[in-house]
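Summary of structural features
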2 protein chains.
Amino acid sequence: MSRYYERLKPYMEKAMALQTALTLFQWDNETAAPKEAGEYTSQVIGTLSDEYYKTYINDEVKYLLDKLAGKKEQEALSEQEKAIVKEIQRMDQQLRPVPAEEYKAFSTLTAKSSSIWAKAKADNDYKKFAPVLEEMIEYQKRFARYRKHGRQKLYDILLNDFEPGFNMEQLDIFFGKIKTELVPFIQEVEKKMDKVEKSYEYDRYPIEKQKEFCNWISSYLGFNFNRGILSESAHPFTTNLHNHDVRYTNHYTEEGIEDSIFSAIHETGHALYEFGVKDEYTLTPVGTGTSMGMHESQSRFFENVIGKSEEFWTPIYSRLVDLFPEQLKNTSVKDFIKGVNKSKPSLIRTQSDELTYPLHILVRYEIEKEIIEHGANVKSLPKMWNQKYKEYLGVEPETDTEGILQDVHWSTGDFGYFPSYALGSAVAAQIYYYMKSVMPLEEYLKEGNLLPIREFLKEKVHQYGKSKTTNEILKEMTGEEFTADYYIKYLKEKYQKIYNL
Amino acid sequence: MSRYYERLKPYMEKAMALQTALTLFQWDNETAAPKEAGEYTSQVIGTLSDEYYKTYINDEVKYLLDKLAGKKEQEALSEQEKAIVKEIQRMDQQLRPVPAEEYKAFSTLTAKSSSIWAKAKADNDYKKFAPVLEEMIEYQKRFARYRKHGRQKLYDILLNDFEPGFNMEQLDIFFGKIKTELVPFIQEVEKKMDKVEKSYEYDRYPIEKQKEFCNWISSYLGFNFNRGILSESAHPFTTNLHNHDVRYTNHYTEEGIEDSIFSAIHETGHALYEFGVKDEYTLTPVGTGTSMGMHESQSRFFENVIGKSEEFWTPIYSRLVDLFPEQLKNTSVKDFIKGVNKSKPSLIRTQSDELTYPLHILVRYEIEKEIIEHGANVKSLPKMWNQKYKEYLGVEPETDTEGILQDVHWSTGDFGYFPSYALGSAVAAQIYYYMKSVMPLEEYLKEGNLLPIREFLKEKVHQYGKSKTTNEILKEMTGEEFTADYYIKYLKEKYQKIYNL
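Quick caveat, the model's predicted, so the values are computed rather than measured.

**Observations regarding the relation of the copies chain B and chain A**
Overlaying chain B with chain A gives an RMSD of 0.0 Å, the required rotation being 180° about an axis along which the chain moves by 0.0 Å. Viewed as a symmetry operation, the transformation between the two copies matches a two-fold axis. Closest approach to the rotation axis within chain B is made by the C-alpha atom of Ala21(B), at a distance of 3.1 Å.

Right, here's the structure in full:
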C-alpha cells in the first residue's frame with residue numbers, strides 16, 4: 001500500500017467517470033440523439049473533455065507520478081497498481097508536453113474538420129479538404145516533436161500511441177512480407193475468382209429477419225445480453241461503459257446478407273474482449289483492450305478466421321436457410337463459404353475482402369511515412385494514392401471520393417492508426433495457429449461448442465485489459481513475439497483449401 | 001459586466017456539463033442500459049454527483065456569490081446574469097448548510113432505499129420499509145433544521161425546494177377549498193357516473209398502431225422531432241439535455257388505448273416547456289422549467305384541460321377511428337369524451353382521474369405535515385393513510401401495497417414534492433381562463449390550429465425558464481397571483497357540461 005497511490009486514486013476515479021460519460025455521449029450521438037442537438041451538446045462534451053484533461057495534467061498528479069516512479073514506491077505497489085500507474089504515466093507523457101492552448105486549438109479544429117472532410121468527400125473536392133489536412137499534419141508533427149526523445153522518429157511516436165511497443169522497423173518488415181509474399185499470391189488467386197458464383201448475395205433479405213439472425217449469432221458467439229445491448233447506426237461500432245455494459249451497433253439494408261452478418265460477428269468479437277476484462281480492472285485506466293491492434297485481432301478472429309470457415313457454419317447454416325429458404329435454396333454451405341471468401345481487388349478499404357485488405361493498409365502506411373517522415377506535399381497525395389493502388393491492387397480510383405478521401409481518419413489527425421488494422425489480422429492468425437496446437441479448434445466449431453474458444457481468449461487475452469502489451473500477451477501465450485509469418489501462411493492455406501488452388 | 005461573474009462562469013459551465021451527463025445516464029438507465037450494468041455505472045454516477053456538489057460548494061464560489069450579492073455588483077449584471085446568480089445562490093443555500101459527510105451518507109441511503117421500498121411494496125410489507133422511512137424523515141428534518149432561519153417552519157423549507165415562493169399558509173387555503181368545495185361536488189358527480197359507458201377501453205389495441213397514433217399526436221401538438229426523441233420505459237417521463245434535445249418515454253399495453261394516448265399528450269406538454277426555453281438560458285442554471293408545479297401545469301393543460309375536451313378531439317377523432325375502426329365503431333366523439341373523463345374514486349393516485357386526483361394529494365399533504373411538523377410516528381402512518389382515503393375518497397385500501405406503499409417519493413426523501421402535482425392542475429386552470437379571455441381558444445382547437453396556443457405559452461411561460469417564479473409568471477400574465485378559485489370553477493363547469501349535471 002502506497003500513500004502516494006492512495007492520493008492518486010481520486011484523480012483516477014474522476015477521470016474514469018468523465019471518460020465514461022464521454023463514451024455515453026458518443027454512443028448516444030451515434031444511436032439516438034436528435035439531429036439538431038449537436039451544437040449544444042458539443043459545448044457539454046467540450047467542457048467534460050477539458051475536465052478530463054485537467055484531471056490528469058496538473059502539478060499534483062505530476063508530483064505523485066514522480067514519487068511513484070521511485071524504486072521503493074514501486075515495490076509497495078501490487079501488479080495491478082503498477083499497471084495502472086504505468087498507464088497514467090503513459091497518458092501523462094502523451095499529453096503534458098503539449099501546451100494546453102495548442103491542444104485546445106487542435107481540439108477545436110478536430111471538432112469541425114471531419115465535417116469539412118465529409119463535405120469534400122461528398123463533393124469529390126480534395127482541394128476543400130487539403131488545407132485542413134495540412135493543418136492536421138502540422139499539429140501532429142508538432143505534438144510529436146514536443147514528445148520526442150533523442151533520435152526518436154516522429155512517426156514512431158504516433159504509431160506507439162495506437163500500438164504500444166511497435167515501430168517502423170517492425171512494420172517495414174511486416175509490410176515488406178505482405179508486399180513480396182502476398183501481392184504475387186493475390187494475383188494468382190484472382191485468376192480463379194471469376195468462376196466463383198455468389199448469386200445469393202444479389203437477392204433481397206427482409207431486415208427484420210436479418211436482425212433476428214444477427215442477434216441470434218451474437219448470442220451464439222457469447223454476447224451476454226444481460227451485460228450488453230445492441231443498436232443501429234450508420235457505421236457499425238463497439239463501445240463500452242465498463243465490462244458490465246458493452247454495446248455494439250449494426251446496420252441493415254435489404255440488399256444482400258453478408259454485410260449485417262459479418263458485421264455482427266466482427267463487433268461481437270470486439271464485445272467479447274470488453275466483457276472479458278477482469279472486474280478489478282474495469283473502470284480503471286487499464287480496464288479496456290490493450291491496443292487497437294489486439295482489439296482488431298479479436299474482431300477479425302471471429303469474423304474471418306473462424307467466422308468464414310466451413311467448420312463454423314456446418315452446425316448453424318441450416319438456421320440461416322430456414323430464415324431465408326428462397327434466397328438460399330441453391331446455395332450449399334460450401335458454396336456459401338466460397339462466396340463469403342470471394343476475393344477481388346477493389347477501391348474501398350471498408351468493403352474489401354480479407355485477402356486484399358492488407359494491401360489497402362500498405363498503401364496508407366507508405367503514404368503516412370511520406371507525410372510524417374519525408375514532408376510529402378499535401379497536393380501530391382492524391383496522385384501518390386492512385387499510383388499505389390494501381391501498383392499493389394491493380395485498380396485505380398477515378399475520383400478522390402473513392403480514393404484518398406474515403407477514410408475519416410486523417411481528418412481527425414489519426415496518423416499511425418491504420419497499421420493496427422493489418423496488425424490485428426496478423427495477430428489473429430498467430431493466435432489461431434497456437435490455439436490449433438493446444439485444442440481441437442475445428443472440432444469445437446463443428447460441434448457448435450464456442451465456449452472453450454471464448455474461455456481460452458478470456459484467459460490468455462481479454463482478462464488483462466491494458467495491463468499487458470500485445471507483445472507480452474503473445475509471448476506469454478505462444479512463446480513467440482509478434483511475427484507476420486503466420487498471417488501469410490494462414491491466408492495462403494485458407495485460399496488454397498477453399499478454392500483448390 | 002462583472003469580473004466576479006466572469007470568474008463564476010467556469011464553475012457554472014462545469015456544473016451544467018456534469019448535470020447534463022447525469023441526465024443522460026438517467027435517461028440511458030431507464031431506456032437502454034443492460035440489466036446488470038447498475039452496480040458499476042452507479043460508481044460513475046456517484047463520482048459525477050460528487051463533482052457536481054464540489055463545483056458549487058467551495059470557498060471560491062462562496063466568495064464570488066457574496067461579492068455578487070452587493071448592490072454595486074448587482075447593478076453591473078444583466079437581467080439574465082442576475083437570475084443565474086440568484087439560482088446559484090438558492091442552490092448554495094440549499095446545499096452548503098448540510099455537512100458534506102451527512103449529505104454523502106444521505107446519498108448512500110438514497111441509492112438503496114428505493115429498492116428496499118420496491119421490495120416492501122411487492123411483498124406488502126410496510127414493516128420492512130418503516131425503518132428506512134424513519135431514517136429518511138430524520139435526514140430531511142435535520143437538513144431542514146440546518147437551513148432554518150428564525151421561526152421558519154421545517155415543512156415550508158421543504159415545500160420551497162419544489163415550489164419556490166409557496167408555503168403551508170397558502171397550501172392550507174388551497175387544500176381547504178378542495179376539501180370544502182370539491183369533496184361534496186365529487187360525491188354528487190359519482191352518483192351519475194355509473195351510467196357512463198366506456199366499453200371501448202376494454203378492447204385490445206395493437207401496440208404498433210398505438211405508437212403510430214401517439215407519435216402523430218405528439219407531432220400535432222408541436223413536438224419537434226429534429227430536436228427531440230421518443231423512447232419507452234416502465235413509467236413515462238420527460239427529460240432534456242438542453243432545449244435542442246428533449247426526450248420523453250411512453251409505455252404501451254394492448255389493453256385499452258387511453259393510457260398511451262394521454263401519457264403522450266401529458267409528456268408532450270412537459271416537452272414543449274423545455275423546447276420553449278430561450279436559447280440564451282439553456283445550459284445555464286435557469287435553463288429549465290421554473291418549478292415542479294409549473295411544469296405539471298403545462299403537462300396537465302395539454303392532457304386534461306384541452307386534451308380531454310370535445311373541441312380538441314373534433315378535428316382529429318376520425319384519425320383515431322381510422323386506425324381502430326373495429327374497436328371504436330360504436331363510440332362517437334361525445335362518447336369518447338364522456339369516457340376519458342369518467343370519474344371514480346380509487347386507491348391508486350397514478351391511475352386516478354382528473355377530478356379525484358387532488359384528493360389523493362390532499363391525503364399526502366396532510367400526512368406530510370403530520371410527519372414533518374408534528375412528529376407523527378412512522379408506525380401510525382398506514383392507519384392514518386387508510387382513514388383519510390376513507391374520509392375523502394370513500395374507499396379504503398385492503399393492503400399497504402395499494403395504500404401507503406404505492407408511491408416511490410418518500411423512499412427517496414422527497415417530502416414536499418406531492419403538493420406540486422395539485423398546484424400544477426390549479427395553475428393550468430388559471431392559465432386556461434386567462435387564455436380564453438384573450439384568444440378564441442375553443443375555435444383554435446376545433447380548427448386543429450395549435451400554433452397560437454403553443455406560441456402563447458412559449459411567450460408567457462416557457463421562454464423564461466427559471467428566471468421568473470411561478471407567481472411572477474402568473475402575475476405578469478394574468479394580473480393575479482396564484483389562486484385555487486379557477487381550478488374549482490374549471491372542474492365544476494367541465495363536469496357539469498359533459499354530463500349535464
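Still more to cover.
**As for the UniProt feature "active site" (unreviewed entry) in chain A**
All names here are of chain A. UniProt's entry tags Glu267 with the feature "active site" (unreviewed entry), counted in the numbering of this structure. Residue position: Glu267 is located in helix α11 (residues 258-276). Discounting chain neighbours no more than four positions away, the residues touching Glu267 are Pro236, Phe237, Thr238, Tyr248 and Thr249.

**Quick look at helix α9 (residues 168-193) of chain A**
Along an α-helix, a turn takes 3.6 residues, which lines up residues three or four apart on a common side. All names here are of chain A. At Leu182, α9 shows its maximal bend, which comes to roughly 35°, and the proline Pro184 appears one to four places after that position. For α9, the set of buried residues is Met168, Leu171, Phe174, Phe175, Ile178, Leu182, Val183, Phe185, Ile186, Val189, Glu190 and Met193. The distance from a side-chain oxygen at the start of α9 to the backbone nitrogen of Glu169 is 3.2 Å, and the residue carrying that oxygen is Asn167.

**Thoughts on the domain arrangement of chain A**
Residue and element names in this part refer to chain A. In terms of domains, chain A is made up of domain 1 (1-96) and domain 2 (199-340 + 434-499). Computed over C-alpha atoms, the centres of domain 1 and domain 2 are 30 Å apart. If you look at the interface, domain 1 gives 15 residues, while domain 2 gives 19 residues. Area buried by domain 1 at its contact with domain 2 is led by Met16, Trp27 and Gln80, which between them contribute 39% of it. Put simply, domain 1 and domain 2 have zero salt bridges between them. Elements with a minimum of two residues in the side of domain 1 that touches domain 2: α1 (3-31) and α5 (79-95). It is α1 that provides the largest number of residues to the side of domain 1 that touches domain 2, a total of eight residues. Of the residues contributing to the side of domain 1 that touches domain 2, the split by class is nine nonpolar, four polar and two charged.

**Here we look at the packing of aromatic side chains**
Taken as a whole and assessed by the stated rule, the structure comprises 86 aromatic pairs over all chains. Through pairs of rings, three or more aromatic residues link up here, namely Phe162(A), Tyr357(A), Trp385(A), Tyr389(A), Trp410(A), Phe415(A), Tyr417(A), Phe418(A) and Tyr421(A). The ring of Phe262(B) has Lys308(B) sitting right over it, with the charged end atom 5.0 Å from the ring centre.

**Here's the deal with the pattern of salt bridges**
A complete count under the given rule lists 76 salt bridges over all chains for this structure. Here Glu255(A) ties to Arg204(A) by a salt bridge, and the two come within 3.1 Å at their closest N and O atoms. A residue pair is termed long-range when its members are at least 10 positions apart, and Glu255(A) in the loop between β3 (245-250) and α11 and Arg204(A) in the loop between α9 and α10 (207-221) qualify at 51 residues. The partner of Asp485(B) in a salt bridge is Lys177(B), with the nearest N and O atoms 2.6 Å apart. Taken as a pair, Asp485(B) in helix α22 (residues 485-499) and Lys177(B) in helix α9 (residues 168-193) lie far apart in primary sequence, 308 residues in all. Using a relative accessible area of 26% as the deciding quantity, one classes Lys177(B) as partly exposed.

**Some details on the packing of helix α16 (residues 357-374) of chain B against helix α17 (residues 381-393) of chain B**
Residue and element names in this part refer to chain B. Contact pair α16 / α17: the axes reach a minimum separation of 10 Å and the direction vectors enclose 145°. As for the relative orientation of α16 and α17, their crossing is right-handed in sense. Contact with α16, carried on its side by Leu359, His360, Leu362, Val363, Arg364, Glu366, Ile367, Glu370 and Ile371, involves Leu381, Met384, Trp385, Lys388, Tyr389, Tyr392 and Leu393 of α17 and no other residues of that element. Per-class residue counts for the contact of α16 with α17 are 11 nonpolar, one polar and four charged.

Cut-off values and rules
Residues numbered from 1 in each chain as written. Chains lettered and ligands numbered in written order. Predicted model: local features only at pLDDT ≥ 70, side-chain atom pairs only at ≥ 80, totals over all residues. Heavy atoms only, no water. Least-squares fit on C-alpha atoms with pLDDT ≥ 70 in both. UniProt positions renumbered as here; feature names shortened; annotations may be inferred. Helix = DSSP H or I, 4+ residues; strand = E, 2+ residues; numbered from the N terminus. Contact = heavy atoms within 4.5 Å. Bend = angle between axes of the 7 residues up to and from the residue. Buried < 20%, exposed > 50% of the residue type's maximum accessible area, 1.4 Å probe, protein only. Polar contact = N/O pair within 3.5 Å; in protein donor to acceptor, adjacent residues only side chain to side chain. Domains from an automatic or database assignment. Buried area = accessible area lost by both parts, 1.4 Å probe. Salt bridge = Lys/Arg side-chain N within 4 Å of Asp/Glu carboxyl O. Nonpolar A, V, L, I, M, F, W, Y, C, P; charged D, E, K, R; others polar. Phe/Tyr/Trp six-rings, centres within 6.5 Å; stacked < 30°, edge-to-face > 60°. Lys NZ or Arg CZ within 6 Å of the ring centre and 35° of its normal. Axes fitted to C-alpha atoms, helices over the stretch in contact; angles between N-to-C directions. Left-handed = near helix turned anticlockwise from the far one by under 90°.

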